[in-house]
Amino acid sequence: MQKGEQTIPISERPAESRAGDILLLPIAIFAFWTIAYQLVLIVRWPAKTIIWCFLGITPVAFFLLARLWKETDATPGKGYRFHLSHIFLLFLGVAWATAVLFVRRPNQDDVVYFHRVLTQLLDLKQPIHLRQTGLDMDAAAFSPVHLATSYEMLMGFLGHYLGIDPLFFYQIIGHALAAFAIPFVLYWCVRRFGLDRWPATLGALFGVVFLLLDNPGPAVIGTVSRYWSFGMAAGYLWEGRSIVFILALPLALVLSYRFLRQANRSDLVWLTLLGIASVGLANTALYLIPAVIGCSWLAFFATQLFEDKKSKDLGEQIRRGLFLMIPLVYPIGILVLLMINIIPKPIDISMYGPTYMPWLESMSFFVGGPAGYVRNAVLMTAVPLVIVRGKAGLFLFFYTCAIWLFCLNPLLAPWWMRHILALCHFRLNYLVPLPLLCAVLPVAGPRLFGTAPARPPGDRLLLTGALLAIVVSFFSSYRALSITPISPQAAWKTPFEYQLVKENTDFARAAGKYIEHSKLLVPTWTAGCELPLLFPEMTVVSPRLVTHYFTNAGNPTEGKLRRQAQVFIEGDNSENSKRLQLFEPKFRQVIETGRANAVAVPQSQSQRVLATLQSIDPGWHRVLEAGGLVLLLPTKQ
């Protein structure tokens, strides 16, 4: 670095510091929890022994890590000095964590992720459940890979042993903690790229603002947004997959970059722990983490070639790239076990969605319309090539190029869709580090305002043009704040309310004493997905994807029967009486065989369904109405 360049806020000094690595310690702790959880899952020990395995693994692992940190001079927190910018980060984290607590984002996937935790907590002496919970008959789990995720079990255990409602801990406290971490993760990442403290703090603010503005559109299906983006994912941060998208992927990118620059063994260990922890968060990490690490190496190697490094330096980078295969062993090993069917694949995957969809349609789930494409293109080119520049800028540019070449290329889309399902293809967009690109924008400050060393006359003009292009692209692509309500059913809430539809919680409060131990036939969307979270001892006759569960258990007829009975009570918008009459015998069979001993129906369908029930048993009667549903029960014998 030249003598006059020390005033530039992008330097090598912050990147060398290990003080901020103390923020990585939760990654190690969660990785050890994941190892303990998966060990207990495999050997079929009682669920409560997860804690003892975790307590046995953690001290030994930290002892070994401490030795490594001492040998490599990479002890987390070493050289830490308090700075006023840290107070700003604290307030920013608290502000974002508070804001998201007022946002209602019901997600029907929670019954898949968390219901098995709630039922497990009812009997911790039993091994971890491998089959579908919430049904009164044997049925397959949603996916064998979902069983490997340990995050939901951790949230449930923490709530259980701290005396807090586990669902509240998962959806409210866990949500706030993850949101609180966003500014600190962005700050740590941009510091590794060389920004000084105040520019990095301002960058964290810019990253949070990007998440606030990133909303492709208002389209909603039921109570769920049709579109997904960084901003939308940030509103679902109680779920493990959103934590992977928003927090884990930028950490993987920056750790890969730091290892390739410095070849410190501790970064290799951090990457390995991050890979384990990410798989514990969500199965999407099985392919997203390897993609980040692999494309990071390609980007760094391309940067070295662009700088015309000697063949000796290139050989060293190849060797470092081979070392990066170590963090890939864990996620890729699980993928291989899936491919060779040691981890058994589901018999039927039709309920996961189509095996192919047009590339543009898939991308629209994430980007929205043309304005979104323009904004992203401007960020991916202007930020690294005009604003950041240097080795870090080239690395970021080549990284995004590698992502588009190997992951988002429309020619490769059919291959990805075959292996990760078509409806999951849009998730590859999270590999493009758009929040991180916004977070490095403050590096333009000294050049723009003249505090940096003299530059060519056209440099400031070019920089100004790039910043204006970014601002204009944001204005043209803006639709709504990502935290605004997405539907009347998913409106604002108080910080202490669950992430559930209010009508369902209203019905639960009114009907709880009648249904908490019942076999309830209820409309699937959304009551059938949310009531089991409030009453884990209740069984739902026809949960979402019921045909999938029973088909993969070798009993497709049962799933079809229950689904048809559920369609009968829901009715349809066209009031097709012939179609409903076709399903009436299935409904009767479900009631007469005792598969259901309670029925909740939309108010508009209550008279029709009650008449059918009374033709089976005159004792069926209307008990109450709440949240748009009517509860029907038989007279007790």
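Enquirer: What am I meant to see in the packing of aromatic side chains here?
Expert: Remark: the centre distance and the inter-plane angle together describe each pair of aromatic rings, the angle taken between the planes. Tallied over the full model, the rule gives 29 aromatic pairs. Summarising the aromatic geometry, the rings of Phe 193 and Tyr 257 are spaced 5.0 Å apart at their centres and angled 35° between planes, so their arrangement reads as tilted. You can see Phe 193 sitting in the loop between α7 (166-192) and α8 (197-213) and its partner Tyr 257 sitting in helix α10 (residues 240-262), a full 64 residues away along the chain. A ring pair is formed by Phe 300 and Phe 395, whose centres lie 6.4 Å apart and whose planes are at 65°; its orientation type is edge-to-face.

Enquirer: Just checking my understanding: could you explain unusual backbone geometry for this structure?
Expert: Leave glycine aside and you will find that most residues have negative phi; peptide bonds, for their part, are mostly trans. You will see that Asp 73, though not glycine, has its phi angle at about 55°, which is positive. Along the chain, Asp 73 turns up in the loop between α3 (49-72) and α4 (84-100). The backbone of Ala 263 sits at a positive phi, close to 55°, despite the residue not being glycine. Note that Ala 263 resides in the loop between α10 and α11 (265-281).

Enquirer: Where do I start with helix α14 (residues 325-339) in this structure?
Expert: Every α-helical turn comprises 3.6 residues, leaving residues that sit three or four positions apart pointing alike. Within α14, the axis deviates most sharply at Pro 331, by approximately 40°. Within α14, the full set of buried residues consists of Pro 327, Leu 328, Pro 331, Ile 334 and Leu 338.

Enquirer: Would you take a moment to explain the sheet that holds strand β5 (residues 598-602) for this structure?
Expert: Strand-to-strand pairing in sheets goes through backbone hydrogen bonds, with the strands running parallel or antiparallel. Spatial ordering of the open sheet is given by β4-β3-β5-β7-β6, a layout of five strands whose pairing is mixed. Two strands close off the open sheet at either side, each with one partner strand: β4 (539-540) and β6 (621-626). Direction of pairing for strand β3 (residues 519-521) relative to β5: parallel, over a ladder of two bridges. What sits directly across from Leu 520, in β5, is Ala 598. Most of the contacts of helix α25 (residues 556-570) go to β5, to which it runs at about 50°, and overall it touches β3 and β5.

Enquirer: In this structure, what is going on with the pairing of strand β7 (residues 629-633)? I would like to understand it.
Expert: As a general feature of sheets, a regular strand has side chains that alternate between the two faces. Where burial is concerned, most of β7 is hidden: five out of the five residues are buried. The sheet contact formed by β5 and β7 spans four bridges and is antiparallel. What sits directly across from Val 599, in β7, is Leu 632. The pairing of β6 with β7 spans five bridges and is classified as antiparallel. Its bridge partner lying in β7, His 621 is registered against Leu 633. In this structure, the hairpin formed by β6 and β7 is closed by a connection of two residues, where Gly 627 is found at a positive phi of approximately 60°.

Enquirer: Hey, could you run me through a nonpolar patch on the surface in this one?
Expert: Among the surface-exposed residues, Tyr 80, Phe 82, Leu 84, Ile 87, Phe 88, Phe 91 and Trp 198 lie close enough to one another that they form a single nonpolar patch of about 790 Å² accessible area. No other element matches α4, which puts four residues into the nonpolar patch. With respect to the helices, strands and loops of the structure, Trp 198 is situated in helix α8. Take Trp 198: its relative accessible area is 45%, and that puts it in the partly exposed class.

Reading guide: rules and limits
All chains use their own residue numbering, which begins from 1 and follows the written sequence. In view of the model being predicted, local features appear only for residues whose pLDDT reaches at least 70, and side-chain atom pairs are presented and counted only at 80 or more, with totals across whole chains, interfaces and linings using the full set of residues. Side-chain numbers come from the whole structure's heavy atoms, not from hydrogens or water. Between the rings of Phe, Tyr and Trp (Trp by its six-membered ring), a pair exists once the centres lie within 6.5 Å; its type follows the angle of the planes, with under 30 degrees stacked, over 60 edge-to-face, and the other angles tilted. Only DSSP runs of H or I with at least four residues qualify as helices, and only runs of E with at least two residues qualify as strands; both kinds are numbered from the N terminus onward. What the bend at a residue measures is the angle between two axes, fitted to the seven residues ending there and to the seven starting there. For the exposure calls, accessible area comes from a 1.4 Å probe over protein chains only, and a residue counts as buried if that area is under 20% of its type's maximum, exposed if over 50%, partly exposed in between. Strands were regarded as paired on the criterion that DSSP finds at least two bridges between them. Contacts between residues were defined by any pair of non-hydrogen atoms, one from each residue, lying within 4.5 Å. Helix axes are fitted only over the stretch in contact, all axes being lines through C-alpha atoms; the angle between N-to-C directions runs from 0 to 180 degrees. Patch building starts from residues that exceed 30% relative accessible area and form no salt bridge, then joins like charges within 9 Å and nonpolar side chains (Val, Leu, Ile, Met, Phe, Trp, Tyr) within 5 Å. Per-residue and other accessible areas follow the Shrake-Rupley method at a 1.4 Å probe size, with only the shown protein chains counted as cover for residues. Salt bridges are defined as contacts in which a side-chain nitrogen from Lys or Arg sits within 4 Å of a carboxyl oxygen from Asp or Glu.

What is shown is where atoms sit, not what they do.
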